[in-house]
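As a plain string of letters, each chain reads:
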Amino acid sequence: MKVLVIGGGGREHALAWKLAQSPKVQAVYVAPGNGGTALDARLENVDITDIPALRQWALDQKIQLTVVGPEAPLAAGVVDDFRAHGLRVFGPTQAAAQLESSKAFSKAFMKRHGIPTAEYETFSDPVAAHAYVDRMGAPIVVKADGLAAGKGVVVATTAAEAHEAIDFMLLDNKLGVTHVRGEDGQVVARVVIEEFLSGEEASFIVLCDGRNVTALATSQDHKRLLDDDQGPNTGGMGAYSPAPVVTPEIHARAMREIILPTIKGMERDGIPFTGFLYAGLMIDPQGRVKTLEFNCRMGDPETQPIMMRLKSDLYDVMMRATSGTLDQIDLEWDRRTALGVVMAAAGYPLNPRKGDAITGLPKAKEDSMVFHAGTVPKDGGTLTAGGRVLCVTALADSVKAAQHRAYEVAAEIHFDGAQYRRDIGHRAIRG
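So, here's what we can say about the structure. (Residues numbered from 1 in each chain as written. Predicted model: local features only at pLDDT ≥ 70, side-chain atom pairs only at ≥ 80, totals over all residues. Heavy atoms only, no water.)

Neither face of strand β17 (residues 238-241) is open: one carries Gly238 and Tyr240, the other Ala239 and Ser241, and all of them are buried. Pairing between β17 and strand β20 (residues 337-344): four bridges, direction antiparallel. From the neighbouring strand, Gly238 faces β20, where its bridge partner is Val341. (Buried < 20%, exposed > 50% of the residue type's maximum accessible area, 1.4 Å probe, protein only. Helix = DSSP H or I, 4+ residues; strand = E, 2+ residues; numbered from the N terminus. Pairing = 2+ DSSP bridges.)

We now examine the environment of Thr384. Considering the arrangement of structural elements, one finds Thr384 in strand β23 (residues 381-384). The spatial distance from the C-alpha of Thr384 to the C-alpha of Gly355 is 5.1 Å, given a sequence separation of 29 residues. Setting aside residues up to four positions removed in sequence, Thr384 forms contacts with Arg353, Lys354, Gly355, Asp356, Ile358, Gly374, Val389 and Phe415. (Contact = heavy atoms within 4.5 Å.)

With that out of the way, let us pick up the pairing of strand β1 (residues 2-7). Of all the six residues making up β1, five are buried; the element is thus mostly covered by neighbouring parts of the structure. Bridge count for β1 against strand β2 (residues 27-32) is six bridges, and the pairing is parallel. Counted as the bridge partner of Gly7 is Pro32 from β2. Note that the unit made of β1, helix α1 (residues 10-19) and β2 has a crossover that is right-handed. Of the strand pairs in this sheet, β1 and strand β4 (residues 65-68) are connected by four bridges, and their pairing is parallel. Within β4, the position partnered with Ile6 by the bridge is Val68. (Right-handed = clockwise from strand over helix to strand, strands pointing away.)

Another point: the pattern of salt bridges. Two side chains that carry opposite charge are able to pair once their charged atoms sit near each other. Summed over all chains, the structure comprises 25 salt bridges. When the shortest N-O distance is used, the salt bridge between Asp81 and Arg55 registers 2.7 Å. Taken together, the residues span a long stretch of sequence, with Asp81 in helix α5 (residues 78-84) and Arg55 in helix α3 (residues 51-60) at a distance of 26 residues. By the burial criterion, Asp81 is buried, and Arg55 matches it. Two residues, Arg288 and Asp284, come together in a salt bridge whose shortest N-O distance is 2.7 Å. The class of Arg288 is partly exposed, set by a relative accessible area of 44%. Residues joined in a network through salt bridges with shared partners are Arg11, Glu12, Glu71, Glu100 and Arg297. (Salt bridge = Lys/Arg side-chain N within 4 Å of Asp/Glu carboxyl O.)

This is the structure in structure tokens:
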């Protein structure tokens, strides 16, 4: 069987790496891929990102399964396009992907279907947005309405920070996010401003076939750039699985109060959800859960440790998920902990530097794997080509041991300006 993975980040490297382990898969193509997928003899990069061109390539190559990794092609309708031409593809339709591509759509959906989330208001008028912040005070959260590669959320600890974020997103539109048309016909940006929720965050990711749901292993990522959860928000600086904060009781509650009502609500609204559904959870000290956000794909860097722990054949799982028969499969997991440390480029997250040579990359071992994200092959070597460059992932009997092994591997790797946190997994270790 020939499989195509769409995307070029660490998430896609991990998915392709796992799919290639299936004895039923003869070739895995990654479009466009990265420097890490280029180094793996079982994987082949395809330098196509245009959706119609990629669909035609998939038809010509007789691709039996396509798995979509990132949010941008989902929001652009790649699943609709591939399905319309008879290709088997795993991911949500363009309409269903609005759960991620539009914060305003997502919040209105949750309110309509009684899914617990933070109180909020939506604004395209900066004056009204500023007035709302003045009325509500801080801390408060400002979110760009559209896709912003994990950087469209500002947790403002002061009103001044919130006002600055509003100007950044609405007046300057520096994130280049999705626009909506104002009443006068002008194209304007939009933000969602919501109450600040306190507690501990966790990533809750499931597979959906439109009706049936299968939960993946729990995980927890680290959004802040610096140790002790300081510094700006990023796309994620590391993750580990399982997440002790998601107890069996919280797992059942998340499924009962958030995941299943979401899948049923999407079906009732006429836009059944197929694909990976990622619910960012906020768990308060009393064990109550609320939805911070939805993503319509696996998280990055959560995918890397989750794939390290998955023992089931991912190809079989994907075929079930695209056949509406997820209820006929049980996922098997390695009991050990997997932990991934993101090595980021100099200047990340605002101005990541590209073109630095990477040395010391180790070969994959049973207990460790370096997944590439922002890398490109060049003249027999590998260069940095994005903000988050690598995710050094290790598997061990405890969080502490997995952490030690991941940092041991990371210490062997070098590129100028490399930055990474030294405390990934600290919440689980401290208990």
